[in-house]
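Residue-level structure breakdown
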Amino acid sequence: MTSRVGRDLLERARAVMPGGVSSPVRAFGSVGLDPRFAIRGEGARLHDASGRAYLDYVLSWGPLILGHAHPAVVEAIQRAARDGTSFGVTTEREVALAEHVVARVPGVEMLRFVNSGTEATMSAIRLARAATGRERIVKFDGCYHGHADSFLVTAGSGVATLGLPDSPGVPRAASALTLSLPYNDLDAVDVAFDRYGDEIAAVIVEPVVGNAGLIPPVDGFLEGLRERSTRTGALLVFDEVMTGFRVARGGAQERYGVTPDLTTLGKVLGGGLPVAAYGGPRELMERVAPAGPVYQAGTLSGNPLGMAAGLAQLEELDRTDPFDDLERRAATLVRGILAAAEARGIPMCGSAVGSMWGVYFAPGPVRSFADAKASDTARFRRYYAACLEGGVFFAPSPFEAGFLSTAHTDGDIAETVRVVEAALDASLEGMSI
Ligand SMILES: *Cc1c(COP(=O)(O)O)cnc(C)c1O
């Protein structure tokens, strides 16, 4: 960010927006760099205001599974826009996208569209509380479920990056109803259920954690949550805002064969526009207004441009069925990075689940947020800066998953591994200073 254009923009942005950004991690604070300004994206590449192009593994934090500006998505948005940008009444596109989701996500018979993952999880929890007549919720350390008050308790991602265990402004009364437990630890779940069993409305979980780096569920963890929720009468909520249409067509619930009571979706669902949803069995969803008494609404919900973008992206996924290919390339990338680290004697571990992937500067295995936080974040900063300099854009935080799109070629992966090798060398030099 040395260009004149970039500096002027940065000053203007910081004058009128907190940190110069609309969402905290975009400020690049935890890697000690300045925010980037995007000019345009094309396939696997993001172009910034200083005229540089980067191989992009952030992909708008997950939505762009087809890469930037995929023609099918762009054309669908253009076509929809010509008919009007918002109506405030239902459209056929909404029905079609809902049908598409219902046909592919095992736990969803009916859904409600909202505008962000935050709204989806917030509304799912309201519904769970209404359906059970209970108030407590169980979440897991390092899982991020958006920024609603009840969830800002040991949340991963931006909150972790900023080192805030919580946020000022969250009433104690809201966070007191949230129990946050170590991920992948069923014993901790048993203790919580023994103590509070008949007060727990919902257990909400990222079935694959992508907001504390990438942490896959250990064998039996999701099944264990299912069994305990059913036994105690709590609802199991899979927050698939990140994993939906990403780790498999039908999300983590299809991949792991565990069906939750409620599902939240977002990111890939909207094709890069602000679209999210929560859904579940008819019997639960018909408690939502106006079919039932649980209130939830939205002026722009089901927005026709968002519906068009989402439908175009999901239909393209159906047409091309890229999931195996994406998974193979993500695994190749992680293998390449880990091999480069091993050759240099740098302790590193990592994994890929579908086209979500992540690495840590830690010997591993990383099974919990505590493990993730024990990784070498100082080395991550040196490595990160060198990767960016080398033209590779990873998430500017050690606690974010990486993504892959269908636009990333084998050649792009190989180029990325070469940049990583140089960055690891640079991280070693940093050590000796
Ligand atoms: C991104 C994310 C959210 C929040 O979605 P927003 O659209 O940013 O509000 C919630 N849950 C998970 C798992 C996410 O990855």
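Please read all numbers here as calculations on a predicted model, not as lab measurements.

Turning our eyes to something else, we now look at the overall build of the protein. Of the regular secondary structure elements, the protein holds 15 helices and 14 strands. Taken over C-alpha atoms, the radius of gyration comes to 21 Å for the protein, in line with the 22 Å a tight globule of 433 residues would show. Principal-axis analysis of the C-alpha atoms gives the protein an extent of 60 × 55 × 45 Å. Looking at the 433 residues of the protein, the share that counts as buried comes to 56%. Carbon and sulfur atoms form 52% of the exposed surface of the protein, whose accessible area is close to 17,700 Å².

With that out of the way, let us pick up empty space enclosed by the protein. Enumeration over the complete set of coordinates arrives at two cavities of 30 Å³ or more. Lining the largest cavity are 15 residues; nearest its centre among them are W357, V359, F380, F394 and E400. Counting only elements with at least two residues in the lining of the largest cavity, the list comes to β12 (356-360) and α14 (377-389). Ranked by residue count, the leading element in the lining of the largest cavity is β12, at four residues. Broken down by class, the residue content of the lining of the largest cavity amounts to ten nonpolar, four polar and one charged. Taken as a whole, the second largest cavity holds about 50 Å³ of empty space. Along the walls of the second largest cavity sit M348, V359, Y360, F361, S375, D376, F380, Y383 and P398, which together make up its complete lining. Residue classes in the lining of the second largest cavity are distributed as seven nonpolar, one polar and one charged.

Glancing now at the domain arrangement of the protein. How large an interface is tends to be reported as the accessible area lost when its parts come together. Split into domains, the protein comes out as domain 1 (4-69 + 322-428) and domain 2 (71-319). A straight line from the C-alpha centre of domain 1 to that of domain 2 covers 25 Å. Facing the 34 residues of domain 1 at the interface are 40 residues of domain 2. Carbon and sulfur atoms supply 67% of the area buried between domain 1 and domain 2, which totals about 2,900 Å² over both sides. On inspection of domain 1 and its partner domain 2, the count reaches one salt bridge. A salt bridge links R255 to E327; the nearest nitrogen and oxygen atoms lie 2.8 Å apart. Seen at the junction of domain 1 and domain 2, the total is eleven residue pairs in polar contact (both at pLDDT 80 or more).

Looking now at α14. Over its 13 residues, α14 extends 18 Å from the first C-alpha to the last, a length consistent with the 18 Å expected when each residue adds 1.5 Å. Within α14 the residues assigned to the buried category are R379, F380, Y383, Y384, C387 and L388. One face of α14 carries all of its buried residues, which in axial projection span an arc of 160°. Sitting at the amino-terminal end of α14 is D376, which places a side-chain oxygen 3.3 Å from the backbone nitrogen of A378.

By nearness alone, every residue bordering the ligand is listed as S116, G117, T118, Y144, H145, G146, E206, N211, D239, V241, M242 and K267. In the environment of the ligand, an oxygen atom lies 2.7 Å from a nitrogen or oxygen atom belonging to the side chain of T118. A distance of 3.2 Å separates a nitrogen atom of the ligand from a polar atom in the backbone of Y144. If the ligand stood free it would expose 380 Å²; the protein chains cover 82% of that surface. Class assignment for the residues of the shell around the ligand results in three nonpolar, six polar and three charged.

With that settled, consider unusual backbone geometry. Leave glycine aside and you will find that most residues have negative phi; peptide bonds, for their part, are mostly trans. Omega for the bond connecting A289 with P290 falls within 30 degrees of zero, at 10°, which places this linkage in the cis form. Tracing the sequence through the fold places P290 in the loop between α10 (282-285) and α11 (304-320). A cis geometry characterises the amide bond from G364 onward to P365, with omega recorded as 0°. Inspection of the secondary structure puts P365 in the loop between β12 and α13 (369-373). Its identity is not glycine, yet A69 carries a phi of approximately 50°, on the positive side. Positive phi, close to 40°, is recorded for K267, a residue that is not glycine. Note on placement: K267 falls in the loop between β9 (262-265) and β10 (276-280). The exposure class assigned to K267 is partly exposed, which follows from its relative accessible area of 24%.

About the thresholds
Residues numbered from 1 in each chain as written. Predicted model: local features only at pLDDT ≥ 70, side-chain atom pairs only at ≥ 80, totals over all residues. Heavy atoms only, no water. Helix = DSSP H or I, 4+ residues; strand = E, 2+ residues; numbered from the N terminus. Rg over C-alpha atoms; globule rule 2.2 N^0.38 Å. Buried < 20%, exposed > 50% of the residue type's maximum accessible area, 1.4 Å probe, protein only. Areas by Shrake-Rupley, 256 points an atom, 1.4 Å probe, with all protein chains shown as cover. 1 Å grid on protein atoms, 1.4 Å probe; cavity = no way out; pocket = protein on both sides within 12 Å on 5 of 7 lines; lining within 4 Å. Points joined across faces, edges and corners; volume = space filled by probe spheres on them. Nonpolar A, V, L, I, M, F, W, Y, C, P; charged D, E, K, R; others polar. Domains from an automatic or database assignment. Contact = heavy atoms within 4.5 Å. Buried area = accessible area lost by both parts, 1.4 Å probe. Salt bridge = Lys/Arg side-chain N within 4 Å of Asp/Glu carboxyl O. Polar contact = N/O pair within 3.5 Å; in protein donor to acceptor, adjacent residues only side chain to side chain. Expected span 1.5 Å × (residues − 1). Arc of directions from axis to C-beta. Near = heavy atom within 4 Å.

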